[in-house]
2 protein chains.
Amino acid sequence: MEVELKDLLSDLENLKRSLSDPSHHASIDKIRSRVEHLTSLAKCGPVRRSKVKDMSAEVVDSNPYSRLMALQRMGIVDNYERIRDFSVAIVGIGGVGSVAAEMLTRCGIGRLLLYDYDSLELANMNRLFFRPEQVGMTKTDAAVQTLSDINPDVLLESYTLNITTVQGFETFVASLENKMFRPDKEGSGVDLVLSCVDNYEARMVVNQACNELNQTWMESGVSENAVSGHIQLLIPGETACFACAPPLVVASGVDERTLKREGVCAASLPTTMGVVAGLLVQNTLKYLLKFGHVSPYLGYNALKDYFPTMEMKPNPQCSNAACLECQKEYILVKPARDAAAKAKMEAEALLETESPVHAENEWSISVVEDCELDRTDFRSSDALPEGLVHELPSADEFQKLPAPQQSTNLMDDLENLRRQLDALNAD
Amino acid sequence: MEVELKDLLSDLENLKRSLSDPSHHASIDKIRSRVEHLTSLAKCGPVRRSKVKDMSAEVVDSNPYSRLMALQRMGIVDNYERIRDFSVAIVGIGGVGSVAAEMLTRCGIGRLLLYDYDSLELANMNRLFFRPEQVGMTKTDAAVQTLSDINPDVLLESYTLNITTVQGFETFVASLENKMFRPDKEGSGVDLVLSCVDNYEARMVVNQACNELNQTWMESGVSENAVSGHIQLLIPGETACFACAPPLVVASGVDERTLKREGVCAASLPTTMGVVAGLLVQNTLKYLLKFGHVSPYLGYNALKDYFPTMEMKPNPQCSNAACLECQKEYILVKPARDAAAKAKMEAEALLETESPVHAENEWSISVVEDCELDRTDFRSSDALPEGLVHELPSADEFQKLPAPQQSTNLMDDLENLRRQLDALNAD
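Note that this is a predicted model, so its numbers are computed, not measured.

(A) Molecular detail of the packing of aromatic side chains. According to the stated counting rule, one finds 12 aromatic pairs over all chains in the structure shown. Their ring planes at 80° and their centres at 5.0 Å tell us that Tyr-115 of chain A and Phe-172 of chain A sit as a pair that is edge-to-face. Taken together, the positions of Tyr-115 of chain A in strand S2 (residues 111–116) and Phe-172 of chain A in helix H6 (residues 166–177) put the pair 57 residues apart, joining distant regions of the chain. Between Trp-217 of chain A and Phe-242 of chain A the ring centres are 6.5 Å apart and the planes differ by 55°, which places this aromatic pair in the tilted class. Here Trp-217 of chain A is found in strand S5 (residues 217–222), whereas its partner Phe-242 of chain A is found in the loop between strand S6 (228–234) and strand S7 (248–250), with 25 residues between them in sequence. Phe-242 of chain A carries the same exposure label as Trp-217 of chain A, and that label is buried. Chaining the aromatic ring pairs together yields one cluster made of Tyr-300 and Phe-307 of chain A together with Tyr-300 and Phe-307 of chain B.

Right, here's the structure in full:
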């Protein structure tokens, strides 16, 4: 609109020059002042808040971070401002991913990488975040539009691509490896990958990428009937990877691969997706800012308000070659890691006897026992907590499929994934 | 802007008429066509979706209700469209209330009543829903702006008032009693009241109004350190009211009355508030649409991912006169209600042996045992589930305060509330 108004002004200028009779000049000037007023109106638009250089704990209404920095004074987080150093990748910007992105944006995360290939429909409006006027836009573009208005301090990178294609997978991995944001960072260029996709194939691809990069990630999911969901922490080599054990869905035996059956549409609720996104980002904050207990697995059964939790060890016979590599590496460095952890604990114990960190315990925070936590071996499926059922065949059954297991080449691996999926779909 | 553009066009028309030389008319026409183009651009603005007369289950991208109506096909809800008949009042449009309002709006609730007296600040931007460009607006105005864009089918009523003032309380009660939306409805004009306020006094006022109206409500809260919260169902006469037993806060002994201490600002997180709002609205949907188990109390300890649950019976010595009235009424109609419930159960059992409703159990929904549910007597505070502590003095201690207990007049009751609060604050 600003361009059009500028053109209009120059047209008026030309007209004035071509008029020999100066009696008309007053009329032209009146019209020009109207156009100038319109130009100033057009510039107004929605006001965006300016960037904030440092996070302040000052208690004033104009400080967007005061209620977050207060976590330090409350003794919950040691150094909240560290959040600006972290990069989080979110794969799938749907009902869970978009809300997770908004939560991290409002928390002031340093950098967000967003991946999705889909566009918005009115049928998506029964979940939080996207607005009806964004229908037709790609989910990534609409998310960047909304998130950059909410918090201009967050560095947003958006990738409108399908990670399950060969080209998409390459771009995905390269973007995770990019260390421009924090060149001194160890490992990949991101601190955590959040999987918020709605199908089995995409999860297997995120799993493949994270195993290859030795990248910690969190998986999330919501059932087709909209009333259960889960989050899971995956540390390559240390916990089960997504190929080690079949995914679990609470109180539902629905095969996730059928999510997009012809003519059938899955149910969804903003409540269930909001709760799963909240639990996922809460676990993310605990993991990044080192407070509380990071849950290895947390289920949500909405019908019963039941929240099962468990742990899963990696499968030494996992079909994923990159996972086996990570397992080997984890075992190799285990003695050194254990010794370092022991030394750190002893040093902290010594420090605490000298000067207790939270002597006052002003907020009376007390420790609750881990009565519900079980460490479940991936092989003993009978040992699943009550209310959990396997959604897909077990890893052992997976092995019986005719796909070769020894490939080391990435393209072969992807080809294998696709063949295994086809075999599963043919059941 | 449209007015300005119209004035501009009439000025151009006048100028054209005053120009004797027709050679200038082409220039004027060019300028006029530019202004007409600008007028059409100005009209574009954000496109709002049109109202939808009936909720359809048709699986097309343009149907905003397809994923909700799918809950019927999945066997979760018998009649989803009933949601359009319900009215829900939300008191407090902050970090929990605003998200609860958005969830209910996206679910297509019939009518929402919103109550708040506060205005938006940048310091509120660390929670979901409100946007920085709305800073300075009242929370009710900003909420109506956003919610009416999201779903024009919902009837929104907003009340910018403080329910803890005498005038505010009267307007609050009158608005709950108004039955214009569904004149045939039994009881008050709303189906449920959700309390999403951040202080003790406002909760006691909601409690007073709901006891007087015999109105079922749900209470919610988030702790000052941002890492725990709870929701609670209150049915006058049947469960404990808010005055029967002191409020509970999980793993935190912080006195809620201290929430707004001078110079101190409470911490808050979009995650905790999003989870609490999600659990609250999920419980609301289960209560209104009659599916799953409606939780009487559900806590959320974010540090441990621990979710305690319990039930509380009403206190026969409750200090609230309206509560005692509801208790009497509940006991009076108990035999009739029990007989009706028994007859209904027997009829359903008969129906099920004739033709099972969910014979296929396509989604393999299985029942999970209520291992965690305890029915706790309000008097036996030692019997609280692990991780729960009383946040305020017990009802018995409350009774020792110098406030009279036998008042029946509403204004006396409010005066008593205020005096009791003052006594507590003076501790």
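(B) Broad picture of the interface of chain B and chain A. Taken together, the 107 residues of chain B in the interface contact 109 residues of chain A. Summed over the shared surface of chain B and chain A, the number is eight salt bridges. A salt bridge links Asp-7 of chain B to Arg-34 of chain A, with the nearest nitrogen and oxygen atoms 3.6 Å apart. The tally of links from chain B across to chain A stands at 30 residue pairs in polar contact (both at pLDDT 80 or more). Looking at the side of chain B that touches chain A, the elements with two or more residues in it are helix H1 (2–18), helix H2 (25–44), helix H3 (66–73), helix H4 (97–106), helix H5 (139–150), helix H8 (270–289) and strand S8 (297–301) of chain B. Take the side of chain B that touches chain A: its biggest share by element is 12 residues, from H8 of chain B. Class assignment for the residues of the side of chain B that touches chain A results in 57 nonpolar, 26 polar and 24 charged.

(C) Geometry of the relation of the copies chain B and chain A. After a rotation of 180° and a shift along the axis of 0.5 Å, chain B superposes on chain A with an RMSD of 0.9 Å. Overall, the copies show the geometry of a two-fold rotation axis. Across chain B, the rotation axis passes nearest the C-alpha of Val-275 of chain B, at a separation of 2.3 Å. Comparing contact sets, 100% of the residues at the interface of chain B also lie at the interface in chain A, consistent with an isologous, same-surface contact.

(D) Spotlight on the sheet that holds strand S3 (residues 155–160) of chain B. Residues and elements named next belong to chain B. Sheet architecture is open: seven strands sit in the order S3-S2-S1-S4-S5-S6-S8, paired in mixed fashion. Looking at which strands have only one partner, the edges of the open sheet turn out to be S3 and S8. On average, each strand axis in the sheet is inclined to that of its neighbour by 15°, with strand direction left out of account. The pairing of strand S1 (residues 87–91) with strand S2 (residues 111–116) spans five bridges and is classified as parallel.

(E) A look at the nonpolar core. Ranked by internal contacts, the top residues of the largest apolar core, which has 127 residues, are Tyr-80, Ile-90 and Leu-112 of chain A together with Tyr-80, Ile-90 and Leu-112 of chain B. Excluding residues within four positions of it along the chain, Ile-90 of chain B makes contact with Gly-97, Ala-100, Ala-101, Leu-104, Leu-112, Leu-113, Leu-114, Tyr-115, Leu-194 and Cys-196 of chain B.

(F) Just the sheet that holds strand S1 (residues 87–91) of chain A, in detail. Residues and elements named next belong to chain A. With mixed pairing, the seven strands of this open sheet are ordered in space as S3-S2-S1-S4-S5-S6-S8. Two strands bound the open sheet, and with one partner strand each, they are strand S3 (155–160) and strand S8 (297–301). Averaged over neighbouring strand pairs, the angle between their axes works out to 15° when direction is ignored. Sheet analysis places S1 next to strand S4 (residues 192–195), joined by four bridges and oriented parallel. Within S4, the residue paired with Ala-89 across the bridge is Val-193. Lying on the sheet, H6 is in contact with S1, S2, S3 and S4; it crosses S2 at an angle near 175°. Lying over the sheet, helix H7 (residues 200–213) contacts S1, S4 and S5, oriented at roughly 175° with respect to S5.

Calculation criteria
Numbers given to residues run from 1 along each chain, matching the order in which its sequence is written. To label them, take the chains in the order written and letter them from A, then take the ligands in the order written and number them from 1. Side-chain atom pairs in this predicted model are given and counted only at pLDDT of 80 or more, local residue features only at pLDDT of at least 70, and totals for whole chains, interfaces and linings cover all residues. Side-chain numbers come from the whole structure's heavy atoms, not from hydrogens or water. Ring pairs shown here join Phe, Tyr and Trp side chains whose ring centres sit within 6.5 Å, with only the six-membered ring taken for Trp; geometry is labelled stacked below 30 degrees between planes, edge-to-face above 60, and tilted in between. Going along the chain from the N terminus, every DSSP run of H or I of four or more residues is numbered as a helix, and every run of E of two or more is numbered as a strand. Each residue gets one of three labels from its accessible area relative to the maximum for its type: buried under 20%, exposed over 50%, partly exposed in between, using a 1.4 Å probe on protein chains only. When checking whether two residues touch, look at their non-hydrogen atoms; a contact exists if any pair is within 4.5 Å. In the sections that follow, a salt bridge refers to a side-chain nitrogen of Lys or Arg positioned within 4 Å of a carboxyl oxygen of Asp or Glu. Counting of polar contacts relies on pairs of N or O atoms within 3.5 Å, with two restrictions inside protein: one atom must be capable of donating a hydrogen and the other of accepting it, and residues adjacent in sequence are counted only when both atoms are side-chain atoms. In the scheme used here, Gly and all other residues not listed as nonpolar or charged are polar, with Ala, Val, Leu, Ile, Met, Phe, Trp, Tyr, Cys and Pro taken as nonpolar and Asp, Glu, Lys and Arg as charged. The atoms used to superpose the copies are C-alpha atoms, taken from residues with pLDDT of at least 70 in both, and the fit is least squares. DSSP bridges decide pairing: two strands pair if at least two such bridges lie between them. As a rule, the C-alpha atoms of each element are fitted with a line to give its axis, helices using only the stretch in contact, and angles between N-to-C directions run from 0 to 180 degrees. Throughout, nonpolar core names a set of buried Ala, Val, Leu, Ile, Met, Phe, Trp, Tyr and Cys residues whose side chains join them through atoms within 4.5 Å.

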